[in-house]
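Residues per chain, in single letters:
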Amino acid sequence: MDKMERKYYVDILLAVVFLVCMITGYILLFKGSFAPYLNRGSIGVVKELHEWSSYGITVLIVIHFWENFSWLKTMTKKYF
C-alpha cells in the first residue's frame, strides 16, 4: 500500500469514527428525547461506543499528523 492510499484510508476511517462519536454524543446529550427508543441497557452501549470511538479518533489523529508531518513542517517554515 502506497502512502497516498494509506492516507486515504486513515482519513475515511477518521471521518467514520468521528461520525459515530458525534452521533453517540448527541444521543447522550439529548437522551431524554431518545428515551422512548432506548432502554436502560442501550444507554450503556451508547456510552461505551462513544468512549471507544473517542479512543479511535485519538489514534487516527496521531496517525494523520504522522503521515502529514512533512507538509506541516514545510507550511510552518513558510509562515514563520
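Keep in mind that this is a model prediction, so the values were computed, not measured.

1. A word on the packing of aromatic side chains
The final tally for this structure, using the stated rule, is three aromatic pairs. Each ring, one from Tyr-8 and one from Tyr-9, has its centre 5.6 Å from the other, and the planes form 65°; the classification is edge-to-face.

2. Let's talk about the side chain of Asn-68
With respect to the helices and strands, the residue Asn-68 is situated in the loop between helix 3 (40-67) and helix 4 (69-79). Residue classification places Asn-68 among the buried residues on the basis of a relative accessible area of 17%. Separated by 2.8 Å, the side chain of Asn-68 and the backbone oxygen of His-64 make a polar contact.

3. Let's talk about the nonpolar core
Of all hydrophobic cores here, the largest spans six residues; its members are Val-10, Leu-14, Val-17, Cys-21, Ile-57 and Leu-60. Only helix 1 (3-29) and helix 3 provide two or more residues apiece to this core. For this core, the leading source of residues is helix 1, giving four residues.

4. Focus: a nonpolar patch on the surface
Residues Phe-18, Leu-19, Met-22, Ile-23, Tyr-26, Leu-29, Phe-30, Phe-34 and Tyr-37 make up a contiguous nonpolar surface patch of roughly 950 Å² in combined accessible area. Structurally, the position occupied by Leu-19 is in helix 1.

5. Notes on the pattern of salt bridges
Enumeration according to the criterion identifies one salt bridge in this entry. The shortest N-O distance in the salt bridge between Glu-67 and Arg-6 comes to 3.0 Å. Here Arg-6 lies in helix 1 and Glu-67 lies in helix 3, a separation of 61 residues in the sequence. Residue Arg-6 is classed as partly exposed on the basis of its relative accessible area, which comes to 33%.

Rules behind the numbers
- Residues numbered from 1 in each chain as written.
- Predicted model: local features only at pLDDT ≥ 70, side-chain atom pairs only at ≥ 80, totals over all residues.
- Heavy atoms only, no water.
- Phe/Tyr/Trp six-rings, centres within 6.5 Å; stacked < 30°, edge-to-face > 60°.
- Helix = DSSP H or I, 4+ residues; strand = E, 2+ residues; numbered from the N terminus.
- Buried < 20%, exposed > 50% of the residue type's maximum accessible area, 1.4 Å probe, protein only.
- Polar contact = N/O pair within 3.5 Å; in protein donor to acceptor, adjacent residues only side chain to side chain.
- Core = buried A, V, L, I, M, F, W, Y, C linked by side-chain atoms within 4.5 Å.
- Patch = residues over 30% accessible without salt bridge, like charges linked within 9 Å, V, L, I, M, F, W, Y side chains within 5 Å.
- Areas by Shrake-Rupley, 256 points an atom, 1.4 Å probe, with all protein chains shown as cover.
- Salt bridge = Lys/Arg side-chain N within 4 Å of Asp/Glu carboxyl O.

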